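Reading the structure
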Amino acid sequence: MKMSRLLNETLREAPSATEVAGHQLLLRAGFVRQVAAGVFSYLHLGQRTLQKIEAIMRQEMDALGGQEIKMPLVHPAALWQASGRWYEIDAELGRLVDRNGRSLTLALSHEETLADLARQEIHSYRQLPQLAYHIQTKWRDDPRPRAGLVRSREFTMLDSYSLDADEAGLDGQYQAHYDAYFRIFARCGLPVLAVQADVGIMGGTLAHEFMYLTPIGEDTLLLCDGCGYRANRQVATFHKPESQQGTQTVQFVAELVVGEEKRERVVTAVLSQNFQINETKLGHVLNAQRLRPTAEQATDLWLVDDGLTGWSGQVDKVADIAAAQEGDTCTNCGQPLRTARAVEVANIFKLGTRYSGTMGATFVNAQDEARPIVMGSYGIGVTRLLACLAEHHRDEAGLVWPVRVAPYPVHLLALRGGEETAESLYQQLLQAGVDVLYDDRDERPGVKFNDAGLIGLPLRLTVSQRSLVMGGVEVQVRAGGETAVAPVATLVTYVTSWLASAR
RNA sequence: CGGGGCGUAGCUCAGCUUGGUAGAGCGCUCGGUUUGGGUCCGAGAGGUCGUCGGUUCGAAUCCGGCCGCCCCGACCA
């Protein structure tokens, strides 16, 4: 690709309404442009990077025996009414009405659509297990998009769905995804941790999240260096000391959804003064869709933390409703827990029969009995992964792409006196199957060098009068910066062998 | 949805306090210059000052509504 033909230009300064470094670089280097809050266009370089990431994902999902499909962005509301999520999820679900007055939703995820497919196609245990995946657009009308692609409203996700006859089958597919996701992140060049997680709006019985540790993250993790315990704060447990000083009460209105009806109950939570309330845990105990703080209303339910001693007031229910904090004691090994901030780049859920049960996706087993299909769902935020890669792989000059996900592996710069040689090398590299970004623009050297640093392709080739006098082409590795001069005659071999060893 | 901030040329911003002919740098066009780290000189194009309304002889500037964007919180892949 010739840079003179690229639609976008690089930006000398970051747009003012941006704060996160990785996002600023994606904008400045011309990978993405913002269209609306949480909505982005992917320009050529961004799209190329996404394609590299997606190719790795397809390889790993195919290796699991997955079959690629594609489900729609627009769904009939009836599917979401059947699962109950039409009622459970509030404004985050995009709803629209077609010209005939039929209610539709925008895909927030695809459990319903896949369960609907399963109930049409799967009849017998002989057809199981199954694994289907797709890479598709999601719309979640997030109340607060932020940090560019880290938290957007429209985003791309790799999501896969497993169908099994029993729990043992689900366990196997869940574990297979757990392992495959680590391989995907390793190949993309993003370090991640897997932690125990809340099932959130997906429902089900067990979930893990894959976390990239970074201060720009919005999730808080609790980590134990003693035994390796790792959990999202939403579900993290900790050892509560025997003697606790004082009690506090916190009052909430819990919104419950029963079928199509919404109900509210006023709940007073009671816990030690030293603890913080964990609203995720509280919500689960109450089976509430939402909690909102309130004050001084007649309490319907008294909920007491299981670590509290010496509470003499009313008790309707006892449960763990306290949030683990930095320095709390690990339940497993007694060591102190530490906290870290992270971005959730993927999650995997054991759905069980959450969707197959409500939507009637059943099969007949060998005993001729109808059984709900046992499901799992698994997702990686592709565009969020792009954001995390930009955040992780950068320096003062710009982005520093790993070879495997770089939009192009090679950046060829033609400077004065090197134009003809550069043009020839460009053609030779293309013929050798090397994708090249070729800076053929009529710009000064400084502009080209700065843009090359900003875009951050792995290998920079500079051809100029000076380099030719020195013996050929200057080759610089973006990560690390070491330079060499390669003869023009053997440059293509030099580049292909470097790339082969770097992959 | 609560709190805060912002909206002036493609980008970054000044001008608003104290109302009176709309500015700078970068970018863009043309000419020259320079050519290995975002050259330099000259000429030029480009803006209904987010939008609607109000106050006023007169509004980018004061007042109000609305829209949009960002940050914090609630929330979230």
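Per chain, the residues get numbers from 1 upward, laid out in the order the sequence is written. Just so you know, chain letters begin at A and ligand numbers begin at 1, following the order they were written in. Two thresholds apply to this predicted model, a pLDDT of at least 70 for residue-level local features and 80 or more for giving and counting side-chain atom pairs, whereas whole-chain, interface and lining totals are computed over all residues. Hydrogens and water are ignored here; the side-chain numbers use all heavy atoms of the structure.

1. Some remarks on the overall build of chain A
Threshold: Strands here mean DSSP runs of E at least two residues long; helices mean DSSP runs of H or I at least four residues long; both are numbered from the N terminus. Here, two residues are considered to be in contact whenever any of their heavy atoms come within 4.5 Å of each other.
For chain A, the helix and strand inventory stands at 13 helices and 30 strands. Expressed as lengths along the three principal axes of its C-alpha atoms, the size of chain A is roughly 90 × 60 × 45 Å. Partitioning the intrachain contacts of chain A with sequence separation of at least 6 by distance along the chain shows that 70% fall at a separation of at least 24.

2. Brief notes about the protein's contact with RNA strand B
The criterion, for reference: To be near a molecule or strand, a residue needs just one of its heavy atoms within 4 Å of it. Polar contact is the term for a pair of N or O atoms within 3.5 Å; when the atoms are in protein, one must be able to donate a hydrogen and the other to accept it, and sequence-neighboring residues count only if both atoms are side-chain atoms. Residue type decides the class: Asp, Glu, Lys and Arg count as charged, Ala, Val, Leu, Ile, Met, Phe, Trp, Tyr, Cys and Pro as nonpolar, and the leftover types, Gly among them, as polar.
RNA strand B sits among 43 residues. The nearest are Arg144, Arg151, Ser152, Glu344 and Arg444. Sugar plus phosphate, as a fraction of atoms of RNA strand B within 4 Å of the protein: 51%. Taking Arg140, its side chain carries an N or O atom lying 3.3 Å from a sugar or linking oxygen of RNA strand B. At 3.3 Å from a base nitrogen of RNA strand B is found a side-chain nitrogen or oxygen belonging to Asp451. Sorting the residues of the surface near RNA strand B by element identifies strand 1 (32-36), strand 20 (337-352), helix 11 (445-455), strand 28 (459-463) and helix 12 (465-470) as the ones contributing at least two each. The greatest single-element share of the surface near RNA strand B, amounting to 6 residues, is contributed by helix 11. Along the lines of polarity and charge, the residues of the surface near RNA strand B split into 14 nonpolar, 9 polar and 20 charged.

3. Observations regarding the pairing of strand 14 (residues 261-272)
This is how it is decided: Strands are treated as partners if at least two bridges between them are detected by DSSP.
In the sheet, strand 13 (residues 247-258) pairs with strand 14 via 12 bridges, with the strands oriented antiparallel. Opposite Val253, over in strand 14, you have Val266 as the bridge partner. Counting the residues that bridge the hairpin from strand 13 to strand 14 gives 2 residues, and of these Gly259 lies at a positive phi of roughly 65°. In the sheet, strand 14 pairs with strand 17 (residues 301-305) via 4 bridges, with the strands oriented parallel. Note on strand 17: the bridge partner recorded for Val267 is Leu301.

4. So, the domain arrangement of chain A
Cut-off, in case you're wondering: Each domain span listed reflects an automatic or database assignment of domains.
In terms of domain boundaries, chain A breaks down into domain 1 (32-234 + 340-391), domain 2 (247-322) and domain 3 (399-502). Put simply, the middle of domain 2 and the middle of domain 3, counted by C-alpha atoms, are 62 Å apart.

5. Focus on the pattern of salt bridges
Under the convention used in this document: Only one rule defines a salt bridge in this text: a Lys or Arg side-chain nitrogen within 4 Å of an Asp or Glu carboxyl oxygen. Burial classification: accessible surface area is computed with a 1.4 Å probe over protein chains only, and a residue below 20% of its type maximum counts as buried, one above 50% as exposed, and the rest as partly exposed.
Evaluated as defined, the whole model comprises 28 salt bridges. With its nearest N and O atoms 2.9 Å apart, the salt bridge here joins Asp439 to Arg441. A relative accessible area of 0% means that Asp439 is categorised as buried. A network of salt bridges, in which partner residues are shared, links Lys240, Lys281, Asp305, Asp306 and Asp320.

6. Re the sheet that holds strand 4 (residues 74-76)
Selection rule: Each axis is a line fitted through C-alpha atoms, and for a helix only the stretch in contact is used; angles between axes span 0 to 180 degrees, taken between their N-to-C directions.
Ordered in space as 4-6-5, the 3 strands form an open sheet in which the pairing is antiparallel. Unpaired on one side and paired on the other, strand 4 and strand 5 (95-97) mark the two borders of the sheet. Pairs of neighbouring strands in the sheet enclose a mean axial angle of 40°, with direction left out of account. Of the strand pairs in this sheet, strand 5 and strand 6 (residues 103-106) are connected by 3 bridges, and their pairing is antiparallel. Directly across from Arg95, in strand 6, lies its bridge partner Thr105.

7. Comments concerning the pairing of strand 8 (residues 154-164)
Burial analysis of strand 8 places 10 of its 11 residues in the buried class, which makes it a mostly covered element. Two strands pair when backbone bridges link them, and strand 7 (residues 130-139) and strand 8 are joined in this way by 10 bridges, in the antiparallel orientation. For Gln136, the partnering residue across the bridge sits in strand 8 and is Met157. Bridge analysis of strand 8 against strand 23 (residues 374-381) gives 8 bridges, and the strand direction is antiparallel. Looking at strand 23, one finds that Leu163 is bridged to Met375.

8. So, the layout of surface pockets
The condition that has to hold: Here the term cavity refers to a set of points on a 1 Å grid, laid over the protein atoms alone, in which a 1.4 Å probe fits but cannot get out; the term pocket refers to an open set having protein on both sides within 12 Å along at least five of seven lines, with lining residues being those that place an atom within 4 Å of a point. Grid points are joined across faces, edges and corners, and a volume is the space filled by probe spheres set on the points.
In this model, the second largest pocket occupies a volume close to 450 Å³. Around the second largest pocket, the lining comprises 21 residues; the ones closest to its centre are Thr10, Leu11, Arg12, Val447 and Asp451. Counting residues per element, the lining of the second largest pocket draws most heavily on helix 11, which supplies 7 residues. Each residue belonging to the lining of the second largest pocket can be placed in one class, and the counts come to 9 nonpolar, 6 polar and 6 charged.

9. With respect to the sheet that holds strand 17
Taken together, the 5 strands give an open sheet; going across it, the order is 16-13-14-17-18, and neighbouring strands pair in mixed fashion. Only two strands of the sheet have a single partner each, and these edge strands are strand 16 (290-293) and strand 18 (317-319). Pairwise comparison of adjacent strand axes, ignoring direction, gives a mean angle of 35° for this sheet. As paired strands, strand 13 and strand 16 are joined by 4 bridges and run antiparallel to one another. In the sheet register, Ala254 faces strand 16, and the bridge partner there is Leu291.

10. Details of the packing of aromatic side chains
Our working definition: Pairs were defined over the aromatic rings of Phe, Tyr and Trp, the Trp ring being its six-membered one, requiring ring centres within 6.5 Å. Orientation was assigned from the angle between planes: stacked under 30 degrees, edge-to-face over 60, tilted for the rest.
Taken as a whole, this structure holds 9 aromatic pairs when the rule is applied. Aromatic side chains Tyr174 and Tyr378 sit 6.4 Å apart centroid to centroid with 55° between the ring planes, which places their arrangement in the tilted category. Of the two residues, Tyr174 sits in helix 6 (residues 167-188) while Tyr378 sits in strand 23, which places them 204 residues apart along the sequence. Accessibility expressed as a relative area gives 2% for Tyr378, which makes it buried. Pairwise contacts between aromatic rings join Tyr178, Tyr181, Phe182, Phe185 and Phe210 into one cluster.

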